[in-house]
Amino acid sequence: MSSGGFDLHTHSLRSDGTLPPAAVVEAAAHGGLEGIALTDHDTTAGWDEARGAADVHGIAFIGGLELSTELDSRSVHLLGYWVDPEDAALSEECARLRGERERRARAIVDLLVASGAELDYAAVLAQAGDAPVGRPHIAAAMVAVGLVPDIVTAFDLWLADGGPAWVPKHALHPADGVGLIRDAGGAAVLAHPAISTRDAAVDEGLLDVLTAVGLDGVECDHPGHDEPAAARWRALAVARGLVPTGGSDFHGAAKAVILGERATPARAVAALQERATPPARAARPPGSNPAGGTPAGPHHPTARPERTRSW
Ligand code: AMP
Ligand code: ZN
Ligand code: FE
Ligand code: FE
C-alpha cells in the first residue's frame, strides 16, 4: 500500500466490495493513508460505520458515493463527495437505481439460464445481502455454483459491457447526475473515464458538457488507466480548471487492486472540497448571492446552463 494521501474511491459490503465499511477504513489507516472516501455504488449506507472507524483510527473520512449514470446505453460513473445524504432528489435516485439494479440482475440471471446455466436469483441475493445488486455479486454467485473459475472470467465470458449476458441499467444522463450531486451540496468527479476502450461514450465532448453543468474533477489516476491515459485525462482536466483525482476503486477480494494505490494528494482534496457547495447554498437560486458577492463555488459559474436529458 502506498503511504499518505487520500484514497477517494473505495467500496464496501454496502455495495459490491467484500469488507465491512469499518474494515476498509481500518485497512486504510494501517496502510498509512491520511484519509479515505467510501464511495459505494448508489448508496451512502456505509458512512456512519466508516466515519466511526475513521475517528477511532485517527484518519480523515469523506462521505462519498459512486452514482450510476447512462449515456448511449453505456454506463458512466460519477463520484460524489460531501453530498447531503438526506438530500431528497439524490436519495430518490439512489433508491430508484437500487430497484433498477434488482430488475437488471434478474434479467441477467434469466439470460444465463436461457444459455443453459444452472443459477437462480437466490444465489445472487446470497452474495448481495441487502446491498444494491451489482454484476460482481452475479459473478460471485456464478463462481460459487461452479459455472466459472473466477470473477474475472465471469465478466470476460458473460457479464462485461456488451457481453452475452449484459443488460444495461437505466439511469440518468451524466449531466443530470452531476446536477444531482451538486444540488445535494457535493463535489462531482467523473470516475475512471478511460477504464475501457469499449467506453467510447466518455470523450472530450462529454467532458465539456459536464464541465458546463458544474463538474468539479476527473479521476485521472485509476488502476484501469495506463500512464498515457492518465496523462491525457490530467491534461484535459487541468485545461478546464477541474481537479485531477485518483483512487484505487478498492473492492476487497472482488478486485485485484491495492487499497491506497493511485492516492490523491491532500491539496487536491482541499481544492475539491472548496468547490463543494454546502446544502444551504446549493438551495439558493443562481445569482442570489448578496451584494454581488463571491459565487457559491470559487470556480463555478453562478448560473449553470439548463440541464436536459437530450444531450
Ligand atoms: P454494475 O454496477 O453492476 O454495473 O457493476 C460494476 C462493477 O463491476 C464495477 O464496479 C467493477 O468493480 C466491476 N466490473 C466491471 N467490469 C468488470 C470486468 N470486466 N472485470 C471485473 N470486474 C468488472
Ligand atoms: Zn463496484
Ligand atoms: Fe466505477
Ligand atoms: Fe468503483
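Residues numbered from 1 in each chain as written. Chains lettered and ligands numbered in written order. Predicted model: local features only at pLDDT ≥ 70, side-chain atom pairs only at ≥ 80, totals over all residues. Heavy atoms only, no water.

Peer 1: Hey, could you run me through the overall build of the protein chain in this one?
Peer 2: Counting its regular elements, the protein chain contains eleven helices and seven strands. Counting over 311 residues, the protein chain shows a buried share of 52%. For the protein chain, long-range pairs separated by at least 24 residues make up 75% of all intrachain contacts whose partners lie at least 6 apart in sequence. In the form shown here, the protein chain has an accessible surface area of approximately 12,900 Å², with 55% of it arising from carbon and sulfur atoms. (Helix = DSSP H or I, 4+ residues; strand = E, 2+ residues; numbered from the N terminus. Buried < 20%, exposed > 50% of the residue type's maximum accessible area, 1.4 Å probe, protein only. Contact = heavy atoms within 4.5 Å. Areas by Shrake-Rupley, 256 points an atom, 1.4 Å probe, with all protein chains shown as cover.)

Peer 1: What am I meant to see in the packing of helix H7 (residues 174-183) against helix H8 (residues 204-212) here?
Peer 2: Between two packed helices, what matters for the description is the angle formed by their axes and the separation of those axes. With their axes 9 Å apart at the nearest point, H7 and H8 run at an angle of 30 degrees to one another. Considering the angle they form, H7 stands roughly parallel to H8. Crossing hand, H7 versus H8: right-handed. Residues Pro174, Ala175 and Val178 of H7 lie in contact with H8, whose contacting residues are Leu206, Val209 and Leu210. Grouping the constituent residues of the contact of H7 with H8 by class yields six nonpolar, no polar and no charged. (Axes fitted to C-alpha atoms, helices over the stretch in contact; angles between N-to-C directions. Parallel < 35°, antiparallel > 145°, perpendicular 65-115°, else oblique. Left-handed = near helix turned anticlockwise from the far one by under 90°. Nonpolar A, V, L, I, M, F, W, Y, C, P; charged D, E, K, R; others polar.)

Peer 1: For this particular structure, what's the right way to read the coordination of the iron ion (ligand 3)?
Peer 2: Ideal coordination angles are 109.5 degrees for a metal with four donors arranged tetrahedrally and 90 or 180 degrees for a metal with six donors arranged octahedrally. Distances from the iron ion (ligand 3) to its protein donors, namely Glu66 (OE), His77 (ND1) and His192 (NE2), fall within the range 2.0 to 2.2 Å. Every donor residue of the iron ion (ligand 3) comes from the same chain, spaced as E-x10-H-x114-H. The distance between the iron ion (ligand 3) and the zinc ion (ligand 2) is 5.9 Å. Here Glu66 is found in strand E3 (residues 60-71), whereas its partner His77 is found in strand E4 (residues 74-81), with eleven residues between them in sequence. The buried category is assigned to His77, whose relative accessible area is 14%. (Donors = N, O, S within 2.8 Å, 3.2 Å for Na, K, Ca; no water.)

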